[in-house]
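Chain residues, written in single-letter form:
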Amino acid sequence: MSFHLHKFPLSSRSQLLEKLIQEFSASQESEEETKCVLSLHDLPGGATSLLLIAKFCYGVKFELTAAEVVSLRCAAEYLQMTEDYGEGNLISVTELFLDNVLRSWVDTIKALETCKAVLPLSEELHIISRCIDSLATKACADPTLSSLPMSCQSAAQSPTATALWNGIHSTSKPCPKTENWWYEDVVILGLPLFKRLALAVGSKGMPSDRISGLIMFYAKRYLPLNGRQSSFLQRNPGSRIPVMSDVDQRTLIEEIITLLPNQKGTTPTNFLLRLLRTSMILLASPSSRETLERRIGAQLDEAVLQDLLIPNTGYSVETLYDIECVQRIINHFLFVDREDEDSNFNSVVEEDQLADSSDSLTPITMVANLIDNYLAEVAPDVNLKLDKFLLLAATIPDYARPTDDGIYRAIDIYLKAHPWLTDSEREQLCRLMNCQKLSLEASSHAAQNERLPLRVIVQVLFFEQLRLRTSVAGWFFVSDNLENSQNLSGSIGQTDNHAIPVNSRGGQISTFNDMLERVSGLEKECENMKCEIEKLVKTKGSWSNFCKRFRLRFKAKPFDLKSTMLPCNGEALQPASKAVLDKTQDHGQSKLEVAIISELIGFR
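Residues numbered from 1 in each chain as written. Predicted model: local features only at pLDDT ≥ 70, side-chain atom pairs only at ≥ 80, totals over all residues. Heavy atoms only, no water.

## Observations concerning the overall build of the chain
- When helices and strands are counted, the chain shows 30 helices and two strands.
- The contacts in the chain between residues at least 6 apart in sequence include a share of 74% that link residues at least 24 apart.
- As displayed, the chain offers around 34,300 Å² of accessible surface, 54% of which is attributable to carbon and sulfur atoms. (Helix = DSSP H or I, 4+ residues; strand = E, 2+ residues; numbered from the N terminus. Contact = heavy atoms within 4.5 Å. Areas by Shrake-Rupley, 256 points an atom, 1.4 Å probe, with all protein chains shown as cover.)

## Looking at the nonpolar core
- Within the largest apolar cluster, 131 residues are counted, with the highest numbers of intra-cluster contacts made by Trp-182, Leu-275, Leu-300 and Phe-389.
- The leading source of residues in this core is helix α20 (residues 363–378), at nine residues.
- Excluding its chain neighbours within four sequence positions, the residues that come into contact with Leu-275 are Leu-223, Leu-225, Ile-253, Ile-256, Ile-257, Leu-260 and Leu-292. (Core = buried A, V, L, I, M, F, W, Y, C linked by side-chain atoms within 4.5 Å. Buried < 20%, exposed > 50% of the residue type's maximum accessible area, 1.4 Å probe, protein only.)

## Topic: the packing of helix α15 (residues 269–281) against helix α16 (residues 286–298)
- Interaxial distance between α15 and α16 falls to 10 Å at its minimum, and their mutual angle equals 155°. Between α15 and α16, the interaxial angle falls into the category roughly antiparallel. Considering the relative orientation of α15 and α16, their crossing is left-handed. Contacts between α15 and α16 involve Thr-269, Leu-272, Leu-273, Leu-275, Leu-276, Ser-279 and Met-280 from the first element and Arg-289, Leu-292, Glu-293, Arg-295 and Ile-296 from the second. (Axes fitted to C-alpha atoms, helices over the stretch in contact; angles between N-to-C directions. Parallel < 35°, antiparallel > 145°, perpendicular 65-115°, else oblique. Left-handed = near helix turned anticlockwise from the far one by under 90°.)

## A word on the pattern of salt bridges
- Scanning the entire structure with this criterion turns up 15 salt bridges.
- Note that Asp-412 and Arg-451 form a salt bridge whose closest N and O atoms lie 3.0 Å from each other. In this pair, Asp-412 is assigned in helix α22 (residues 405–417) and Arg-451 in the loop between α24 (440–447) and α25 (454–496), connecting sequence segments 39 residues apart.
- Owing to a relative accessible area of 11%, Asp-412 belongs among the buried residues under this scheme.
- Residue Arg-451 is classed as partly exposed on the basis of its relative accessible area, which comes to 30%.
- Through salt bridges with shared partners, a single network forms among Arg-73, Glu-77, Glu-95, Asp-99 and Arg-130. (Salt bridge = Lys/Arg side-chain N within 4 Å of Asp/Glu carboxyl O.)

In structure tokens form, the structure reads like this:
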């Protein structure tokens, strides 16, 4: 753009323009009437700034805004419009106006946005640092004590503004301020400015959870954390947020990872897992992904199954989900958990803290349940190798599982999806679970599960017998103590002439009678089962018929099964058992099957 201006107004205010005019006039002394033509291609702000400078030099009044002051201040510095060329020159005027701009949150945001266009001069003049320091100070202030607007965008673009009778414009009823009232305003900043702002609020003492909330808000605006590019591109038509390329998104996610506070628990685990999934899609650096895996492992007990299902995005995709990534996360968790245990062992624990910790699940137990559910979710994948499944399941220590129902469910699903496994592989897989830690429902299911090896089924039945014998022994112990307490209370009542309450004694007698009926019922069930088994053996029925009738009885009376499976006393087989052994060997039965029949006949 060309400007036709007089020499004197410009040279009287600008040292640079005076110098350029003198140099041009010296080179054109031979000509009588010459026009001085100056090219100012490097002028900050371009033609817009030069127009305002010309108005200032000619003494024309104009309105200066927050969006123009930065470029005009840089242009005045470029043209060297100091106080030596007139009092109240453009540098001092723009500096004074800039100080007023920095007092307002809205105007500071507008001024900071324009700094990028006039780099590096805006950086050399410390305009960017002054704007960021002003924003950080206002962001760290108590929002309830501040008169700052909720959002500069809403204040400037609110469609609900109405004019009152005296011409004063007002918006609708203001919303109450919260700690994150400023997130929406700073999200429009570019990554370099946003990074400096995040570091500035941290240096001024802002809590880590608020800094984490700011970074999460910024990441959700620019990154496809849900795995779908179209989900985050559907913004308002008037949105000022630009669409980023894959390279810019990769740079952004690596910077986001470094900006997140390192304190445990400040950033939600589900956000970290979504960030890890996105970093794999965008092919972020290995160091960034390792940092995320380590931070997720430190707080894995807060994760949920849905977020842990990370799709496999590698070049050689063998499995549907990334099993190796979950394996590394668990290793990080176990490392942190061992460090916490060592620190707790060396420190003094208060009694009330110990009571509170005993009421809730420990982190290792929560992670064990999570991994068991994860194994059940990935088990149907036919491409999942047995060694990977075994390695991931064996990573969780045995003491972390109160019950083994979860790992048994995962094993059963894996066996169903991989029917080609050999007997040795099935037994190796079943070694992951402890049959003694199965619940009654899981034991009943395992006893009838045809996919399990016979050795495992025998172990399940044996431990069920052992559990039932312990229960019956406990009932007899309680009944003996009840009789002794009744006799003792009766003798005390006779000597001290104190009567026992009728309701209390009646309840004790009722409980004792119930136990006697229960024990007599168990004895009848044991005798009935013994007779049925002897009939089956005498009729030379096959093992499949025996199992079929035996399982049908289980289904018909599930409680009777658990009640009648009394443990063997470990003595030698009776002659009747030896006879059964001879008959079953004649029909080619295996040793495990014979052992089951022999033990069942020996029930009392």
